[in-house]
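Structure at a glance
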Amino acid sequence: MAIDFGKRFGLGGLRLPILNGDQMDIDYDTLDKMIDKFMAHGFTYYDTSYIYHGQLSETALGKSLVARYPRDSFLLSTKMPIKFMKKKEDMERIFEEQLQKCQVDYFDFYLIHSIGKEAYENCKKWDTFEFLKKKRAEGKFREFGVSLHDSPEFLDMILTEHPEIDFVVEQLNYIDWVNPAIRSKEIYEVAVKHGKPVVVMEACKGGTLAEIPDEAKKLMKDYNPDASIASWAFRFVGSLPGVRVVLAGMPKMEFLDDNIKTFENFVPLNEEEYKIIDQVVEIINSNTAIACTYCRYCVDECPQKIPIPDYFALYNDWKRLQKSSSENEVMTQAFYYMNYVEQGNGPASACKACKKCEKVCPQHLSIIDYLKDNVVPEIEAYNPEAHIQKDKEVEM
Ligand code: SF4
Ligand code: SF4
(Lines give C-alpha, C1' and ligand atoms only; values in the text may rest on other atoms or scores of the structure.)
(Ligands and ions follow the chains in the order given, each with its own letter.)
Protein backbone atom coordinates (compact mmCIF):
# COMPACT_ATOMS: atom_id res chain seq x y z
CA MET A 1 0.00 0.00 0.00
CA ALA A 2 1.36 3.43 -0.93
CA ILE A 3 2.48 5.49 2.02
CA ASP A 4 0.54 8.68 2.65
CA PHE A 5 3.03 11.31 3.81
CA GLY A 6 0.48 13.96 4.62
CA LYS A 7 2.28 17.19 5.44
CA ARG A 8 5.89 17.34 4.26
CA PHE A 9 7.52 18.03 7.59
CA GLY A 10 8.97 15.58 10.11
CA LEU A 11 10.09 15.70 13.73
CA GLY A 12 13.77 14.79 13.98
CA GLY A 13 14.95 12.73 16.93
CA LEU A 14 18.45 14.18 16.75
CA ARG A 15 17.55 17.15 18.91
CA LEU A 16 14.83 16.34 21.40
CA PRO A 17 14.07 18.59 24.37
CA ILE A 18 16.47 17.91 27.24
CA LEU A 19 16.88 18.89 30.88
CA ASN A 20 19.93 20.55 32.45
CA GLY A 21 21.74 20.68 29.09
CA ASP A 22 22.28 16.92 29.31
CA GLN A 23 21.74 15.01 26.02
CA MET A 24 20.97 11.90 28.09
CA ASP A 25 18.26 13.59 30.17
CA ILE A 26 15.26 13.76 27.84
CA ASP A 27 12.54 16.19 28.89
CA TYR A 28 9.62 13.77 28.46
CA ASP A 29 7.01 16.22 29.68
CA THR A 30 7.89 18.69 26.91
CA LEU A 31 8.38 15.93 24.33
CA ASP A 32 4.89 14.53 25.02
CA LYS A 33 3.38 17.99 24.61
CA MET A 34 5.31 18.56 21.38
CA ILE A 35 4.16 15.28 19.91
CA ASP A 36 0.56 15.98 20.94
CA LYS A 37 0.68 19.33 19.18
CA PHE A 38 2.44 17.89 16.12
CA MET A 39 -0.20 15.17 15.77
CA ALA A 40 -3.08 17.60 16.40
CA HIS A 41 -1.86 19.67 13.45
CA GLY A 42 -1.82 16.63 11.16
CA PHE A 43 1.93 15.98 11.03
CA THR A 44 2.85 12.31 11.10
CA TYR A 45 6.55 11.78 10.22
CA TYR A 46 9.12 10.96 12.94
CA ASP A 47 12.79 10.30 12.34
CA THR A 48 15.28 8.82 14.77
CA SER A 49 18.47 6.79 14.82
CA TYR A 50 20.31 4.26 16.95
CA ILE A 51 23.01 6.75 17.88
CA TYR A 52 21.08 9.97 18.58
CA HIS A 53 21.02 11.27 22.15
CA GLY A 54 23.61 8.74 23.29
CA GLN A 55 21.38 5.92 21.98
CA LEU A 56 18.30 7.18 23.84
CA SER A 57 16.37 8.83 21.01
CA GLU A 58 14.65 5.64 19.83
CA THR A 59 13.61 4.84 23.41
CA ALA A 60 12.25 8.36 23.79
CA LEU A 61 10.06 8.10 20.68
CA GLY A 62 8.98 4.65 21.80
CA LYS A 63 7.70 6.12 25.07
CA SER A 64 6.36 9.48 23.93
CA LEU A 65 4.97 8.53 20.53
CA VAL A 66 4.48 4.81 20.02
CA ALA A 67 3.15 3.99 23.47
CA ARG A 68 0.61 6.82 23.29
CA TYR A 69 -0.66 6.73 19.70
CA PRO A 70 -2.10 4.01 17.43
CA ARG A 71 0.59 2.49 15.19
CA ASP A 72 -1.20 3.51 11.97
CA SER A 73 -1.42 7.18 12.98
CA PHE A 74 2.27 8.00 12.44
CA LEU A 75 5.26 7.13 10.25
CA LEU A 76 8.48 6.07 11.97
CA SER A 77 11.94 6.10 10.45
CA THR A 78 15.20 4.90 11.99
CA LYS A 79 18.71 4.00 10.86
CA MET A 80 21.28 1.24 11.01
CA PRO A 81 24.50 2.61 12.58
CA ILE A 82 26.75 0.96 9.99
CA LYS A 83 29.76 3.18 10.73
CA PHE A 84 29.89 1.99 14.31
CA MET A 85 29.21 -1.69 13.82
CA LYS A 86 32.05 -4.12 14.25
CA LYS A 87 30.76 -7.36 12.76
CA LYS A 88 28.03 -8.91 10.60
CA GLU A 89 26.11 -10.25 13.62
CA ASP A 90 25.61 -6.69 14.88
CA MET A 91 23.05 -6.11 12.11
CA GLU A 92 20.51 -8.57 13.50
CA ARG A 93 21.22 -7.73 17.14
CA ILE A 94 20.88 -3.99 16.64
CA PHE A 95 17.83 -4.26 14.35
CA GLU A 96 15.97 -6.28 17.01
CA GLU A 97 17.11 -3.88 19.71
CA GLN A 98 15.78 -0.97 17.67
CA LEU A 99 12.34 -2.57 17.29
CA GLN A 100 12.27 -3.13 21.03
CA LYS A 101 13.40 0.37 21.93
CA CYS A 102 10.85 1.92 19.59
CA GLN A 103 8.14 -0.49 20.85
CA VAL A 104 7.09 -1.43 17.29
CA ASP A 105 6.78 -4.57 15.14
CA TYR A 106 7.89 -2.72 12.03
CA PHE A 107 9.41 0.56 10.90
CA ASP A 108 7.93 2.56 8.04
CA PHE A 109 11.39 3.56 6.88
CA TYR A 110 14.76 1.98 7.61
CA LEU A 111 18.01 3.52 6.47
CA ILE A 112 21.68 2.79 6.36
CA HIS A 113 22.98 5.69 8.43
CA SER A 114 25.66 7.92 6.92
CA ILE A 115 26.79 5.54 4.23
CA GLY A 116 30.28 6.32 2.91
CA LYS A 117 33.05 4.48 1.15
CA GLU A 118 34.26 2.52 4.18
CA ALA A 119 30.73 1.74 5.38
CA TYR A 120 29.82 0.60 1.88
CA GLU A 121 32.74 -1.84 1.93
CA ASN A 122 31.38 -3.26 5.20
CA CYS A 123 27.90 -3.48 3.62
CA LYS A 124 29.38 -5.64 0.86
CA LYS A 125 31.36 -7.77 3.30
CA TRP A 126 28.37 -8.33 5.57
CA ASP A 127 25.68 -8.68 2.83
CA THR A 128 23.85 -5.76 4.38
CA PHE A 129 21.67 -5.15 1.33
CA GLU A 130 20.57 -8.80 1.31
CA PHE A 131 19.91 -8.61 5.04
CA LEU A 132 17.71 -5.57 4.51
CA LYS A 133 15.87 -7.07 1.54
CA LYS A 134 15.01 -10.02 3.76
CA LYS A 135 13.82 -7.78 6.59
CA ARG A 136 11.63 -5.84 4.19
CA ALA A 137 10.19 -9.03 2.72
CA GLU A 138 9.35 -10.13 6.28
CA GLY A 139 7.43 -6.87 6.76
CA LYS A 140 9.89 -5.46 9.29
CA PHE A 141 10.02 -2.17 7.40
CA ARG A 142 8.27 -0.66 4.39
CA GLU A 143 10.79 1.53 2.55
CA PHE A 144 14.56 1.40 2.44
CA GLY A 145 16.75 4.50 2.38
CA VAL A 146 20.29 5.73 2.78
CA SER A 147 21.50 8.86 4.50
CA LEU A 148 24.80 10.28 3.44
CA HIS A 149 27.36 13.01 3.96
CA ASP A 150 29.38 12.00 0.94
CA SER A 151 29.85 13.00 -2.69
CA PRO A 152 27.29 13.00 -5.53
CA GLU A 153 29.56 10.58 -7.41
CA PHE A 154 29.36 8.13 -4.54
CA LEU A 155 25.58 8.44 -4.37
CA ASP A 156 25.33 7.93 -8.11
CA MET A 157 27.36 4.74 -7.78
CA ILE A 158 25.32 3.20 -4.96
CA LEU A 159 21.98 4.14 -6.53
CA THR A 160 23.14 2.51 -9.76
CA GLU A 161 24.33 -0.63 -7.97
CA HIS A 162 21.29 -0.75 -5.67
CA PRO A 163 18.12 0.38 -7.43
CA GLU A 164 16.17 -1.16 -4.54
CA ILE A 165 17.00 1.95 -2.48
CA ASP A 166 13.72 3.87 -2.24
CA PHE A 167 14.84 7.29 -1.01
CA VAL A 168 17.81 9.39 0.01
CA VAL A 169 18.31 11.49 3.13
CA GLU A 170 20.75 14.32 2.57
CA GLN A 171 22.00 17.47 4.24
CA LEU A 172 20.34 20.23 2.27
CA ASN A 173 20.06 23.94 2.99
CA TYR A 174 20.65 27.23 1.21
CA ILE A 175 24.20 27.71 2.52
CA ASP A 176 25.34 24.19 1.52
CA TRP A 177 23.48 24.25 -1.80
CA VAL A 178 26.64 25.17 -3.67
CA ASN A 179 29.13 24.69 -0.81
CA PRO A 180 32.03 22.93 -2.55
CA ALA A 181 32.68 20.62 0.40
CA ILE A 182 29.07 19.52 0.90
CA ARG A 183 27.66 19.76 -2.68
CA SER A 184 24.00 19.56 -1.64
CA LYS A 185 22.66 20.68 -5.00
CA GLU A 186 24.60 18.02 -6.91
CA ILE A 187 23.55 15.30 -4.46
CA TYR A 188 19.93 16.39 -4.77
CA GLU A 189 20.23 16.29 -8.56
CA VAL A 190 21.67 12.76 -8.50
CA ALA A 191 18.74 11.56 -6.36
CA VAL A 192 16.26 13.22 -8.71
CA LYS A 193 18.03 11.72 -11.75
CA HIS A 194 17.54 8.27 -10.25
CA GLY A 195 13.90 9.05 -9.46
CA LYS A 196 14.48 8.86 -5.69
CA PRO A 197 12.64 11.23 -3.36
CA VAL A 198 14.80 13.27 -1.00
CA VAL A 199 14.29 13.60 2.74
CA VAL A 200 16.06 16.69 4.00
CA MET A 201 18.16 16.90 7.13
CA GLU A 202 19.93 20.01 8.43
CA ALA A 203 17.60 22.39 6.59
CA CYS A 204 18.52 25.03 9.15
CA LYS A 205 22.09 23.72 9.48
CA GLY A 206 21.83 22.89 13.15
CA GLY A 207 20.11 26.18 13.91
CA THR A 208 22.93 28.29 12.45
CA LEU A 209 20.66 29.60 9.69
CA ALA A 210 18.41 31.06 12.36
CA GLU A 211 21.40 32.94 13.80
CA ILE A 212 22.82 34.72 10.80
CA PRO A 213 24.70 38.06 10.74
CA ASP A 214 22.52 41.10 11.55
CA GLU A 215 22.99 42.52 8.06
CA ALA A 216 21.49 39.36 6.59
CA LYS A 217 18.66 39.26 9.15
CA LYS A 218 17.74 42.83 8.21
CA LEU A 219 17.32 41.89 4.55
CA MET A 220 14.87 39.16 5.49
CA LYS A 221 12.99 41.19 8.09
CA ASP A 222 12.70 44.23 5.79
CA TYR A 223 11.05 42.00 3.20
CA ASN A 224 8.77 40.15 5.61
CA PRO A 225 8.76 41.27 9.25
CA ASP A 226 6.42 38.44 10.29
CA ALA A 227 8.50 35.57 8.95
CA SER A 228 11.09 34.04 11.28
CA ILE A 229 14.67 33.83 10.03
CA ALA A 230 14.51 30.02 10.30
CA SER A 231 11.38 29.88 8.13
CA TRP A 232 13.41 31.12 5.13
CA ALA A 233 15.70 28.11 5.45
CA PHE A 234 12.80 25.68 5.71
CA ARG A 235 10.95 27.26 2.79
CA PHE A 236 14.11 27.03 0.66
CA VAL A 237 14.22 23.23 0.93
CA GLY A 238 10.45 22.80 1.02
CA SER A 239 10.22 24.60 -2.33
CA LEU A 240 12.32 21.94 -4.09
CA PRO A 241 10.07 19.59 -6.08
CA GLY A 242 12.14 16.45 -5.36
CA VAL A 243 11.84 16.88 -1.59
CA ARG A 244 9.43 14.49 0.07
CA VAL A 245 9.84 15.45 3.73
CA VAL A 246 11.85 18.08 5.60
CA LEU A 247 13.14 17.04 9.01
CA ALA A 248 13.95 19.29 11.93
CA GLY A 249 15.26 18.66 15.41
CA MET A 250 13.28 20.90 17.74
CA PRO A 251 14.55 21.04 21.31
CA LYS A 252 12.07 23.82 22.18
CA MET A 253 8.34 24.20 21.73
CA GLU A 254 8.81 27.62 20.09
CA PHE A 255 10.76 25.95 17.24
CA LEU A 256 7.95 23.45 16.75
CA ASP A 257 5.36 26.25 16.69
CA ASP A 258 7.34 28.21 14.13
CA ASN A 259 7.85 25.19 11.87
CA ILE A 260 4.20 24.17 12.09
CA LYS A 261 3.36 27.68 10.93
CA THR A 262 5.76 27.32 7.98
CA PHE A 263 4.58 23.91 6.83
CA GLU A 264 0.88 23.95 7.72
CA ASN A 265 0.03 26.11 4.72
CA PHE A 266 3.32 25.92 2.88
CA VAL A 267 4.15 28.78 0.50
CA PRO A 268 7.11 28.22 -1.89
CA LEU A 269 9.71 30.95 -2.23
CA ASN A 270 9.13 33.58 -4.93
CA GLU A 271 11.78 35.06 -7.24
CA GLU A 272 12.37 38.06 -5.00
CA GLU A 273 12.88 35.84 -1.97
CA TYR A 274 15.40 33.66 -3.85
CA LYS A 275 17.35 36.85 -4.63
CA ILE A 276 17.36 37.79 -0.94
CA ILE A 277 18.67 34.33 -0.05
CA ASP A 278 21.47 34.77 -2.60
CA GLN A 279 22.46 38.00 -0.85
CA VAL A 280 22.24 36.33 2.56
CA VAL A 281 24.53 33.52 1.39
CA GLU A 282 27.10 36.12 0.30
CA ILE A 283 26.94 37.85 3.68
CA ILE A 284 27.29 34.60 5.63
CA ASN A 285 30.22 33.49 3.49
CA SER A 286 31.96 36.84 3.94
CA ASN A 287 31.80 36.29 7.71
CA THR A 288 33.73 33.06 7.58
CA ALA A 289 36.95 32.04 9.34
CA ILE A 290 39.10 31.32 6.24
CA ALA A 291 38.39 33.57 3.28
CA CYS A 292 38.94 30.88 0.66
CA THR A 293 36.95 31.51 -2.51
CA TYR A 294 37.12 27.86 -3.65
CA CYS A 295 38.78 28.74 -6.92
CA ARG A 296 40.69 25.45 -6.56
CA TYR A 297 43.85 26.80 -8.18
CA CYS A 298 45.83 25.24 -5.34
CA VAL A 299 44.43 21.72 -5.66
CA ASP A 300 46.42 20.53 -8.67
CA GLU A 301 49.60 21.92 -7.17
CA CYS A 302 49.54 19.81 -4.04
CA PRO A 303 51.83 16.76 -4.22
CA GLN A 304 50.09 15.35 -1.12
CA LYS A 305 46.62 15.40 -2.76
CA ILE A 306 45.17 17.54 0.02
CA PRO A 307 41.75 18.93 -1.01
CA ILE A 308 42.59 22.30 0.52
CA PRO A 309 39.41 24.28 -0.30
CA ASP A 310 37.18 21.41 0.78
CA TYR A 311 38.89 21.22 4.15
CA PHE A 312 38.64 25.00 4.51
CA ALA A 313 34.93 24.87 3.73
CA LEU A 314 34.47 22.20 6.39
CA TYR A 315 36.51 24.26 8.84
CA ASN A 316 34.42 27.37 8.21
CA ASP A 317 31.25 25.42 8.94
CA TRP A 318 32.93 23.85 11.94
CA LYS A 319 33.60 27.25 13.51
CA ARG A 320 30.11 28.52 12.72
CA LEU A 321 28.45 25.39 14.12
CA GLN A 322 30.49 25.46 17.32
CA LYS A 323 28.98 28.80 18.22
CA SER A 324 25.38 27.70 18.18
CA SER A 325 24.97 23.98 17.69
CA SER A 326 25.17 20.70 19.53
CA GLU A 327 27.94 18.11 19.45
CA ASN A 328 26.01 16.23 16.75
CA GLU A 329 26.38 18.96 14.10
CA VAL A 330 30.05 19.39 14.91
CA MET A 331 30.43 15.63 14.60
CA THR A 332 28.88 15.71 11.14
CA GLN A 333 31.72 17.91 9.90
CA ALA A 334 34.18 15.32 11.19
CA PHE A 335 32.33 12.64 9.20
CA TYR A 336 32.72 14.68 6.04
CA TYR A 337 36.42 15.06 6.77
CA MET A 338 36.82 11.31 7.35
CA ASN A 339 35.03 10.62 4.05
CA TYR A 340 37.50 12.81 2.18
CA VAL A 341 40.43 10.92 3.64
CA GLU A 342 38.77 7.53 3.04
CA GLN A 343 38.35 8.48 -0.61
CA GLY A 344 42.12 8.69 -1.00
CA ASN A 345 42.68 12.40 -0.37
CA GLY A 346 45.61 13.44 1.77
CA PRO A 347 44.79 14.39 5.37
CA ALA A 348 45.66 17.93 6.39
CA SER A 349 48.57 16.58 8.47
CA ALA A 350 50.23 15.25 5.28
CA CYS A 351 51.20 18.81 4.31
CA LYS A 352 54.97 19.06 3.68
CA ALA A 353 55.01 22.87 3.67
CA CYS A 354 56.34 22.93 0.11
CA LYS A 355 54.42 26.21 -0.49
CA LYS A 356 53.34 25.25 -4.02
CA CYS A 357 49.73 26.00 -3.10
CA GLU A 358 50.46 29.37 -1.53
CA LYS A 359 52.31 30.50 -4.65
CA VAL A 360 49.13 30.17 -6.75
CA CYS A 361 46.51 31.27 -4.23
CA PRO A 362 44.93 34.49 -5.53
CA GLN A 363 43.67 35.28 -2.03
CA HIS A 364 47.23 35.02 -0.64
CA LEU A 365 46.02 32.75 2.13
CA SER A 366 48.46 31.22 4.62
CA ILE A 367 47.33 27.78 3.58
CA ILE A 368 50.09 25.91 5.42
CA ASP A 369 49.31 27.67 8.71
CA TYR A 370 45.56 27.19 8.35
CA LEU A 371 46.04 23.47 7.78
CA LYS A 372 48.56 23.06 10.59
CA ASP A 373 47.00 25.40 13.18
CA ASN A 374 43.30 24.97 12.44
CA VAL A 375 42.28 21.92 10.41
CA VAL A 376 44.71 19.41 11.96
CA PRO A 377 44.23 20.18 15.68
CA GLU A 378 40.47 20.63 15.43
CA ILE A 379 38.79 18.56 12.71
CA GLU A 380 41.47 15.94 12.07
CA ALA A 381 42.07 15.35 15.78
CA TYR A 382 38.35 14.95 16.44
CA ASN A 383 37.21 11.36 16.88
CA PRO A 384 33.42 11.04 16.43
CA GLU A 385 33.37 7.53 17.83
CA ALA A 386 34.96 8.72 21.08
CA HIS A 387 32.22 11.32 21.44
CA ILE A 388 29.46 8.78 20.93
CA GLN A 389 31.06 6.41 23.40
CA LYS A 390 31.47 9.29 25.82
CA ASP A 391 27.70 9.87 25.73
CA LYS A 392 26.87 6.31 26.65
CA GLU A 393 29.05 3.38 27.38
CA VAL A 394 27.39 0.70 25.31
CA GLU A 395 29.08 -2.18 23.59
CA MET A 396 28.32 -1.89 19.85
S1 SF4 B 1 52.30 23.32 1.19
FE2 SF4 B 1 51.16 21.53 1.88
S3 SF4 B 1 49.10 21.86 1.13
FE4 SF4 B 1 50.43 23.25 0.01
S5 SF4 B 1 50.98 22.16 -1.86
FE6 SF4 B 1 52.58 21.73 -0.38
S7 SF4 B 1 51.95 19.84 0.64
FE8 SF4 B 1 50.16 20.65 -0.43
S1 SF4 C 1 43.91 28.87 -4.24
FE2 SF4 C 1 43.44 29.88 -2.30
S3 SF4 C 1 41.35 30.73 -2.57
FE4 SF4 C 1 41.73 29.25 -4.23
S5 SF4 C 1 40.87 27.33 -3.44
FE6 SF4 C 1 43.03 27.31 -2.91
S7 SF4 C 1 43.11 28.19 -0.85
FE8 SF4 C 1 41.13 28.70 -1.68
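Keep in mind that what you see is a predicted model, and the values were worked out from it rather than measured. (Residues numbered from 1 in each chain as written. Chains lettered and ligands numbered in written order. Predicted model: local features only at pLDDT ≥ 70, side-chain atom pairs only at ≥ 80, totals over all residues. Heavy atoms only, no water.)

**Digging into the pattern of salt bridges**
Applying the stated rule across the entire model yields 35 salt bridges. Close ionic contact of Glu164 with Lys133 constitutes a salt bridge, the shortest N to O distance being 4.0 Å. Of this pair, Glu164 sits in the loop between α7 (152-161) and β8 (167-171) while Lys133 sits in helix α6 (residues 128-137), and the two are 31 residues apart along the sequence. Overall, the relative accessible area of 17% leaves Glu164 in the buried class. Since its relative accessible area comes to 37%, Lys133 is described here as partly exposed. Asp222 is the salt-bridge partner of Lys218, the closest N and O atoms lying 2.7 Å from each other. Of this pair, Lys218 and Asp222 both sit in helix α9 (residues 214-223), 4 residues apart, which is roughly one turn of that helix. (Salt bridge = Lys/Arg side-chain N within 4 Å of Asp/Glu carboxyl O. Helix = DSSP H or I, 4+ residues; strand = E, 2+ residues; numbered from the N terminus. Buried < 20%, exposed > 50% of the residue type's maximum accessible area, 1.4 Å probe, protein only.)

**Focus: the nonpolar core**
If you look at the biggest cluster of nonpolar residues, it comprises 122 residues, and the most contacted ones within it are Tyr46, Leu76, Ile115, Leu155 and Tyr174. Here this core gathers at least three residues from each of two domains, domain 1 (9-277) and domain 2 (299-391). Setting aside residues up to four positions removed in sequence, Ile115 forms contacts with Tyr120, Cys123, Phe129, Val146, Ser147, Leu148, Asp150, Phe154 and Ile158. Counting residues in each nonpolar core, the second largest holds 11 residues, with Phe109, Leu111, Met201 and Val245 among its members. (Core = buried A, V, L, I, M, F, W, Y, C linked by side-chain atoms within 4.5 Å. Domains from an automatic or database assignment. Contact = heavy atoms within 4.5 Å.)

**What to know about the packing of helix α10 (residues 229-238) against helix α11 (residues 253-264)**
With their axes 10 Å apart at the nearest point, α10 and α11 run at an angle of 45° to one another. One element, α10, and the other, α11, form an angle in the oblique class. For α10 against α11, the interelement crossing comes out right-handed. From α10, Ala230, Ser231, Phe234 and Arg235 reach across to α11, where they touch Asp258, Asn259, Thr262 and Phe263. Here the contact of α10 with α11 is built from residues that sort into 3 nonpolar, 3 polar and 2 charged. (Axes fitted to C-alpha atoms, helices over the stretch in contact; angles between N-to-C directions. Parallel < 35°, antiparallel > 145°, perpendicular 65-115°, else oblique. Left-handed = near helix turned anticlockwise from the far one by under 90°. Nonpolar A, V, L, I, M, F, W, Y, C, P; charged D, E, K, R; others polar.)

**Some thoughts on the side chain of His149**
Of note, His149 is situated in the loop between β7 (141-148) and α7. The class of His149 is buried, set by a relative accessible area of 7%. Of the polar contacts made by the side chain of His149, one reaches the side chain of Tyr336; its length is 2.9 Å. Leaving out residues up to four positions away in the same chain, His149 has contacts with Ser114, Gln171, Met201, Thr332, Tyr336 and Asn339. (Polar contact = N/O pair within 3.5 Å; in protein donor to acceptor, adjacent residues only side chain to side chain.)

**Details of helix α4 (residues 89-102)**
Here α4 contains 14 residues, and its C-alpha end-to-end distance of 20 Å stays within 8% of the 20 Å for a straight helix at 1.5 Å per residue. All of the buried residues in α4 are Asp90, Met91, Ile94, Phe95, Gln98, Leu99, Lys101 and Cys102. Within α4, the buried residues cover an arc of 165° as seen down the axis, which keeps them to one side. Residues of α4 that are exposed and angled more than 90 degrees away from the buried face: Glu89 and Gln100. Phi turns positive one or two residues past the end of α4, at Gln103, with a value near 60°. (Expected span 1.5 Å × (residues − 1). Arc of directions from axis to C-beta.)

**Description of the site of ligand 2**
Around ligand 2, the surrounding shell consists of Cys292, Thr293, Tyr294, Cys295, Arg296, Cys298, Pro309, Cys361, Pro362, Gln363, Leu365 and Ile367. Here the shell around ligand 2 is built from residues that sort into 9 nonpolar, 2 polar and 1 charged. (Near = heavy atom within 4 Å.)

**Examining the packing of α10 against helix α12 (residues 271-286)**
At a minimum axis distance of 11 Å, the contact between α10 and α12 shows a crossing angle of 115°. Handedness of the crossing formed by α10 with α12: left-handed. Taken together, the residues of α12 that come into contact with α10 (itself represented by Trp232, Arg235 and Phe236) are Glu273, Tyr274, Ile276 and Ile277. Tallied by class, the residues present in the contact of α10 with α12 amount to 5 nonpolar, no polar and 2 charged.

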